[in-house]
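Observations on the model geometry
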Amino acid sequence: MERKQSPISATFSENYLFLKKFVARYFSSQHDIEDVVQEAYLRAFVAESKREIEAPKAYLFRIAKNVALSRLSSKSQQITDYLEEVSATAVLDTAPPADSEVVAIELLGLYCEAIATLSEKCREVFLMRKVYGLPHREIARRMSLSLSSVEKYLRQGILACDAYIREHENPRASKEANDAQL
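Description of the structure in this document. The structure presented is a predicted model; accordingly, all values stated were derived computationally and were not measured. (Residues numbered from 1 in each chain as written. Predicted model: local features only at pLDDT ≥ 70, side-chain atom pairs only at ≥ 80, totals over all residues. Heavy atoms only, no water.)

Notes on the side chain of Glu48
Here Glu48 shows up in helix H2 (residues 30–50). For Glu48, which is buried and forms no salt bridge, the nearest opposite charge comes from Arg51, at a distance of 9.1 Å. Every residue in contact with Glu48, bar those within four places of it in the chain, is listed here: Ser6, Pro7, Ile8 and Ile53. (Helix = DSSP H or I, 4+ residues; strand = E, 2+ residues; numbered from the N terminus. Buried < 20%, exposed > 50% of the residue type's maximum accessible area, 1.4 Å probe, protein only. Lys, Arg positive; Asp, Glu negative; His and termini not counted. Salt bridge = Lys/Arg side-chain N within 4 Å of Asp/Glu carboxyl O. Contact = heavy atoms within 4.5 Å.)

Below, the structure written as structure tokens:
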């Protein structure tokens, strides 16, 4: 006796490779792609057990996109947290750092704070470019944005971070930087 697949399970089976390609717009790691695809299927399967899904394919792909964006946002937050942690532990070093190292550590902390103030999309674009080194076209593809939007978000991120750092920079660090230029 053959058991009939649920609409979500059938859609998942039919579109598995296409779903992986779709998620690959957001991630380059096979592991991340597989995780997102599996999580999307599980969420859709659980939702289907509670109510009927009218458009299973669209529903499955929407969930995959939401999971991918959520993971990207989480990764960018982890990077920000890591950078803040690194800057905090660097300050706790027992050897007295040179003045230029202190300034660099302070600037790193300010930079992390500045990144945290960016809007979600702007922060994602900024981190994909500056941390992961992805080209503008790849960022546009992964985030379903136009190339000009990626450039706009990147420009906004750079300008906002620069303004934040100038506004919050320690007067001593700015004096030392000016002294070094003379």
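Remarks on the environment of Ser6
Position of Ser6 relative to the elements: it lies in the segment before helix H1 (7–23). Between the C-alpha atoms of Ser6 and Ser49, which are 43 residues apart in sequence, the distance is 9.3 Å. Setting aside chain neighbours within four positions, we find Ser6 in contact with Phe45 and Glu48. Of the polar contacts made by the side chain of Ser6, one reaches the side chain of Ser9; its length is 3.0 Å. (Polar contact = N/O pair within 3.5 Å; in protein donor to acceptor, adjacent residues only side chain to side chain.)

Regarding the side chain of Arg25
By the element assignment, Arg25 lies in the loop between H1 and H2. Here Arg25 is buried and forms no salt bridge, its nearest opposite-charge partner Glu138 lying at an N-O distance of 8.7 Å. Among all residues touching Arg25, those that are not within four sequence positions of it are Arg141, Arg142 and Ser144.

Description of the nonpolar core
Ranked by internal contacts, the top residues of the largest apolar core, which has 42 residues, are Leu19, Val23, Phe27, Val125 and Ile139. Looking at this core, the elements that each hand over two or more residues are H1, H2, helix H3 (56–91), helix H4 (99–116), helix H5 (120–130), helix H6 (136–143) and helix H7 (147–168). Contacts of Val125, omitting those with residues within four sequence positions, involve Ile139, Met143, Leu145, Val150, Tyr153 and Leu154. (Core = buried A, V, L, I, M, F, W, Y, C linked by side-chain atoms within 4.5 Å.)

What about the packing of H1 against H2?
Packing of H1 against H2 leaves a shortest axis separation of 10 Å and a crossing angle of 155 degrees. Comparing the axis directions of H1 and H2 gives the class roughly antiparallel. Here H1 runs over H2; the crossing is right-handed. Across the interface between the two elements, Pro7, Ile8, Ser9, Phe12, Tyr16, Leu19, Lys20 and Val23 from H1 touch Gln30, Ile33, Glu34, Val36, Val37, Gln38, Tyr41, Ala44, Phe45 and Glu48 from H2. (Axes fitted to C-alpha atoms, helices over the stretch in contact; angles between N-to-C directions. Parallel < 35°, antiparallel > 145°, perpendicular 65-115°, else oblique. Left-handed = near helix turned anticlockwise from the far one by under 90°.)

Everything listed is a geometric property; what it means functionally is a separate question.
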